[in-house]
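Structure at a glance
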Amino acid sequence: MNIAMFLIGGLILLSFPFIVLEKSKKVKQKNIEEAKKKFNLFLICMIPVPIIAFIFLWFGFKAFM
């Protein structure tokens, strides 16, 4: 179970920048104020994702200790 938490946390942490980058490319293509507001809301909502990933990594890493 701890190994699965470690792997899931690593996957979330590694995929997070790519998700944000892909979303930012779509906003640049539209270049609309509404799209920029939605992107800012998206970023605010995504704040806890890396924190959750680090928690999964921490508990998963404890399995190896």
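Below: a short report on this structure.

1. Side note on the nonpolar core
For soluble globular proteins, the rule of thumb is that nonpolar side chains tend to be buried together. The biggest cluster of nonpolar side chains holds 6 residues, and these are F16, V20, V27, F39, F42 and M46. Within the residue set of this core, elements represented by two or more residues are α1 (2-30) and α2 (33-45). Per element, the largest residue contribution to this core is 3 residues, and it comes from α1.

2. Regarding a nonpolar patch on the surface
Together, I44, I47, I51, I55, W58 and F59 line one region of the surface with nonpolar side chains, adding up to about 640 Å² of accessible area. Among the elements that line the nonpolar patch, the one with the most residues is helix α3 (residues 48-61), at 4 residues. Looking at F59, the relative accessible area reads 40%, which means it is partly exposed.

3. Side note on the environment of F6
Turning to its location among the elements, F6 is positioned in helix α1. With relative accessibility at 28%, the residue F6 sits in the partly exposed group. Sequence separation between F6 and K62 is 56 residues, and the spatial gap between their C-alpha atoms is 9.1 Å.

Definitions and cut-offs
- Residues numbered from 1 in each chain as written.
- Predicted model: local features only at pLDDT ≥ 70, side-chain atom pairs only at ≥ 80, totals over all residues.
- Heavy atoms only, no water.
- Core = buried A, V, L, I, M, F, W, Y, C linked by side-chain atoms within 4.5 Å.
- Buried < 20%, exposed > 50% of the residue type's maximum accessible area, 1.4 Å probe, protein only.
- Helix = DSSP H or I, 4+ residues; strand = E, 2+ residues; numbered from the N terminus.
- Patch = residues over 30% accessible without salt bridge, like charges linked within 9 Å, V, L, I, M, F, W, Y side chains within 5 Å.
- Areas by Shrake-Rupley, 256 points an atom, 1.4 Å probe, with all protein chains shown as cover.
- Salt bridge = Lys/Arg side-chain N within 4 Å of Asp/Glu carboxyl O.

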